[in-house]
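# Architecture at a glance
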Amino acid sequence: MRDATPPPSTRFVAVALRHRLAWPLLTLVLLLALNAAFNPGFLHLEWRDGHLYGSLIDILNRAAPLVLVSLGMTLVIATRGIDISVGAVVAIAAATAAWMIGGSVSGNVARFPMPVATAAAVGIALVCGLWNGLLVARVGMQPIIATLILMVAGRGIAQLITGGQIITIYYQPFFFLGSGFLLGLPFSLFVVGLVFVLLYLAITRTALGLFIQAVGINPTAARVAGVQARRLVVGAYAFCGACAGVAGLLISSNVKSADGNNAGQLLELDAILAVTLGGTALTGGRFSLVGSVIGALIIQTLTYAIYSLGVPPEINLVVKAVVVFAVMLLQSPEFRASLGALARRAPLEGVRR
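Residues numbered from 1 in each chain as written. Predicted model: local features only at pLDDT ≥ 70, side-chain atom pairs only at ≥ 80, totals over all residues. Heavy atoms only, no water.

### Examining a positive patch on the surface
On the surface, R138, R223, R230 and R231 cluster together to form a positively charged patch. With respect to the helices and strands, R230 occurs in helix 11 (residues 229-255). Given the relative accessible area of 42%, R230 is considered partly exposed. (Patch = residues over 30% accessible without salt bridge, like charges linked within 9 Å, V, L, I, M, F, W, Y side chains within 5 Å. Areas by Shrake-Rupley, 256 points an atom, 1.4 Å probe, with all protein chains shown as cover. Salt bridge = Lys/Arg side-chain N within 4 Å of Asp/Glu carboxyl O. Lys, Arg positive; Asp, Glu negative; His and termini not counted. Charge placed at Lys NZ, Arg CZ, Asp CG, Glu CD. Helix = DSSP H or I, 4+ residues; strand = E, 2+ residues; numbered from the N terminus. Buried < 20%, exposed > 50% of the residue type's maximum accessible area, 1.4 Å probe, protein only.)

Following this line, the structure appears as structure tokens:
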């Protein structure tokens, strides 16, 4: 009788596929392979004028604002919340920075010093996050209703700041945030890297990660155990707002303008998708910062693939929804168990016949 024990390589693959980041990583690799198959120069990197250029660098640079918002959204969702106002907060921060910096046509003079303008933009975004957190934790509103208020009002606030117009930024140093390079790489990657490292250290090296999980799993039990659940929730929303503010700076710097109506449009939906693709549970508790970064890269790579393959614009959202739906199904243990049961049943039915 043959030994039914599977070989070590098979066992390793089976264990690896059970990891919660396995399917997001596999999806990202497949999307990169798809782009490379239809675009021979997709993986090509070129060093020109002291900078790295290529499609991969472009994807990373354009994904930076989404990664930032997704990191903030991860903490909010981990505490059983949701924030659908981040797109509006991005617009507010971008409008604030554009109005305060402005700049003369010469590109050398700003209305306010750049550090003051950027700090004010992030500070206002932080206040927006605090507002959401207080409505949820102190007033007791449902998270989706509390953030829906700012989602609607935030666009109006942004348009009030811009006067209903698109503000063009001429100040040259501001452009470095979104389109500048440092050590050959886009500066936005260093901004994202700094935020990620600081947050990751806070989550893994302190009790913050444990407290967030406790609040997400059972907020009542966490309060009984002495965790300051309300303060933690307010802090999560405030951090999410600050991340949206920094994302607004990167976006406005990259496009050299601020549009209160369109800046950050639908960014909240992409952020929620990125977080869920990365394995964070919408029911709270379980979360993954690395997974959220991978999820954001999946969405940006998918967007790049849709445009590079010439998919008609009217159906690109449908294609994105289908891919996200498929990945979420593959991440579901119940769905994988059902597929396994069907696979085991098929040979038995063939033998009976």
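### Quick notes on helix 3 (residues 55-78)
Here helix 3 spans 33 Å end to end across 24 residues, near enough to the 34 Å set by a 1.5 Å rise per residue. Its maximal kink placed at A64, helix 3 deviates by approximately 45°, while the proline P65 follows within four residues. Across the 24 residues that make up helix 3, a large majority, 20, are buried. (Expected span 1.5 Å × (residues − 1). Bend = angle between axes of the 7 residues up to and from the residue.)

### A word on the side chain of S292
On the secondary structure map, S292 appears in helix 13 (residues 289-308). The class of S292 is buried, set by a relative accessible area of 0%. For S292, the contacting residues outside a window of four places in its chain are S70, T74, A274, V275, G278 and T280. (Contact = heavy atoms within 4.5 Å.)

### Comments concerning the pattern of salt bridges
Enumeration over the complete set of coordinates arrives at two salt bridges. One salt bridge connects R62 with D58, and the closest N-O pair in it is separated by 3.2 Å. Taken as a pair, R62 and D58 lie in helix 3 at a separation of four residues, close to a single helical turn. Of the residues examined, R62 reaches a relative accessible area of 47% and is grouped as partly exposed.

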